[in-house]
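Inside the fold
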Amino acid sequence: MEIRKFDNGSFIIAERLSIGRNFRIGPNTTIRATECVIGDDVTLGADNTFLVGQQLTIGDLTIFGSQNNITARTVRVGRYVYWDSNVVVGHGGKFSEDAHLEVGSYSMICARITLNVNHAITIGEYVGIGEDVAVWTHGSYLPILEGFPADFGPVHIGDKVWLPAKSTVLPNRRIGNNVVIGTNSLINKDLPDGCLAGGIPVRIIRENVYPRPDTGRNEAAVHGILTDYNKLAAYKELDVRVSYDAATQRIHCNGVVFDLSTMQASGSFSAPEEDFRDFLRRRGIKFYTGQPFSSVLPPEYQRLLAISPDTDGIA
């Protein structure tokens, strides 16, 4: 058994341990797993607890927040996943033989989510799960021999799904690819590919909606995003020149080219160009360059954070 201790009170205990480059771990985070594989440029925050009976895998450039409590047989998290804080993986039945969790690359797990792994939960790529969402794979309390309901089974969520805040997914449900669900929905039935759905209980509002290409809409959206970013860049006092060529579907930011037809970026990045890339991400246009997303802090916040409490002030 290998034990890796860190100076801030964190540790990893695993029979087989592999840690990539530029690994960062906050204080008082503990990992116990039979096998632990951590990719490059992974960040774990403070006060996280991992108890993984078999294999824990975290892909490159994935970020975890703080105070997450994760218990399962296997946990596989892809690359470029943003996993916020106070997420619980486990709850009732978490020590079952089918306690598996998979989260695909480029996905987002927001704060205060419950992922109940009595049975397996599979989450695809490019999936966003909003705050205070609960995904259940078991549900029972009252005596079933008196006719009260019970339901057990895995949950599958496809690729490119938006499951927003305060929604609940019940056991034995399957959500297809390219699905958008309304806030505060109760998903008590399967949802097909490409639909817009919502409600308590959920109903399919429109079918075959997504994906929905529209050249004119996209051009207007990009121009609107650049207008908004020019305002933000001025506020941040950044020297940035952005433009869009609709004929080539290319956005230019200083010397960097963002090609919307290939979703590839080329050129030399510095802080302003990375700030623009992060702004595009927040507006739903994501370019993955093998580097973490980063943005520039506005000067007024930089000034306040630069002041030490030990500095003599004015009474």
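Below you will find a few notes about this structure. (Residues numbered from 1 in each chain as written. Predicted model: local features only at pLDDT ≥ 70, side-chain atom pairs only at ≥ 80, totals over all residues. Heavy atoms only, no water.)

Some words on a nonpolar patch on the surface
Side chains of I63, Y82, M108 and W162 sit close together on the surface and give an oily, nonpolar patch of about 340 Å² of accessible area. The topology assignment puts I63 in strand β7 (residues 63-64). (Patch = residues over 30% accessible without salt bridge, like charges linked within 9 Å, V, L, I, M, F, W, Y side chains within 5 Å. Areas by Shrake-Rupley, 256 points an atom, 1.4 Å probe, with all protein chains shown as cover. Salt bridge = Lys/Arg side-chain N within 4 Å of Asp/Glu carboxyl O. Helix = DSSP H or I, 4+ residues; strand = E, 2+ residues; numbered from the N terminus.)

Considering the layout of surface pockets
Approximately 2000 Å³ is the volume attributed to the largest pocket. In terms of lining residues, the largest pocket is bounded by 48 residues, among which K160, R283, G284, I285 and K286 are the most central. Looking at the lining of the largest pocket, the elements that each hand over two or more residues are β20 (161-163), β23 (179-181), α1 (215-236) and α2 (271-282). It is α1 that contributes the most residues to the lining of the largest pocket, 7 residues altogether. Class assignment of the residues belonging to the lining of the largest pocket gives a composition of 27 nonpolar, 10 polar and 11 charged. (1 Å grid on protein atoms, 1.4 Å probe; cavity = no way out; pocket = protein on both sides within 12 Å on 5 of 7 lines; lining within 4 Å. Points joined across faces, edges and corners; volume = space filled by probe spheres on them. Nonpolar A, V, L, I, M, F, W, Y, C, P; charged D, E, K, R; others polar.)

So, the pattern of salt bridges
Within this structure, the stated rule accounts for 14 salt bridges. In this structure, E15 engages R16 in a salt bridge whose closest nitrogen and oxygen atoms are separated by 3.7 Å. Across the pair D239 and R241 runs a salt bridge whose closest N-O atoms are separated by 3.2 Å. Taken individually, D239 and R241 each receive the classification exposed, so the pair is uniform in this respect. Through salt bridges with shared partners, one network takes in E15, R16 and E35. (Buried < 20%, exposed > 50% of the residue type's maximum accessible area, 1.4 Å probe, protein only.)

Digging into the nonpolar core
If you look at the biggest cluster of nonpolar residues, it comprises 51 residues, and the most contacted ones within it are W83, L101 and I123. Among the nonpolar cores identified, the runner-up in size contains 21 residues, and V222, L226, I251 and I285 belong to it. (Core = buried A, V, L, I, M, F, W, Y, C linked by side-chain atoms within 4.5 Å.)

Re the sheet that holds strand β12 (residues 108-109)
Pairing is mixed across the open sheet formed by 10 strands, whose spatial order is β3-β5-β7-β9-β12-β15-β20-β23-β25-β26. Either end of the sheet is taken by a strand with one partner, and the two such strands are β3 (24-25) and β26 (203-206). Taken together, the 2 bridges between strand β5 (residues 43-44) and β7 define a ladder with parallel strand orientation. Paired with T43 across the strands is I63, a residue of β7. (Pairing = 2+ DSSP bridges.)

Here we look at α2
In an α-helix, one turn spans 3.6 residues; hence positions three or four apart end up facing the same way. With 12 residues, α2 should cover 16 Å at 1.5 Å per step; its first-to-last C-alpha distance of 17 Å lies within 8% of that length. For α2, a buried count of 9 out of 12 residues is recorded, marking the element as mostly surrounded by other parts of the structure. By the burial criterion, the buried members of α2 are P272, E273, E274, D275, F276, R277, D278, F279 and L280. Next to the buried residues of α2 lie α1, β27 (242-245), β28 (250-253) and β29 (256-259). The positive-phi residue at the C-terminal boundary of α2 is G284, with phi of around 90°. (Expected span 1.5 Å × (residues − 1). Contact = heavy atoms within 4.5 Å.)

Some thoughts on the pairing of β28
Note on strand geometry: in a regular strand, side chains alternate between the two faces of the sheet. Covered by surrounding structure in β28 are I251 and C253 only, the residues R250 and H252 on the alternate face being uncovered. Both β27 and β28 contribute to a ladder of 4 bridges, which runs antiparallel. Paired with Y244 across the bridge in β28 is I251. The hairpin formed by β27 and β28 contains 4 residues between the paired strands, and Q249 there has a positive phi angle of roughly 60°. With 4 bridges joining them, β28 and β29 adopt antiparallel strand pairing. Bridging from a neighbouring strand, R250 pairs with D259 of β29. The antiparallel pairing of β28 with β29 creates a hairpin that spans 2 residues between the two strands, and N254 there sits at a positive phi of about 50°.

Notes on the packing of α1 against α2
In a pair of packed helices, the angle between the axes and the distance between the axes together describe the arrangement. At their nearest, the axes of α1 and α2 sit 11 Å apart, and the two run at 135° to each other. Accordingly, the angle class assigned to the pair α1 and α2 is oblique. In this structure, the crossing between α1 and α2 has a hand that is right-handed. Across the interface between the two elements, I225, L226, D228, Y229, L232 and K236 of α1 pack against P272, D275, F276, F279, L280 and R282 of α2. For the contact of α1 with α2, the residue count by class is 8 nonpolar, no polar and 4 charged. (Axes fitted to C-alpha atoms, helices over the stretch in contact; angles between N-to-C directions. Parallel < 35°, antiparallel > 145°, perpendicular 65-115°, else oblique. Left-handed = near helix turned anticlockwise from the far one by under 90°.)

In short, shape yes, function no, at least from these values alone.
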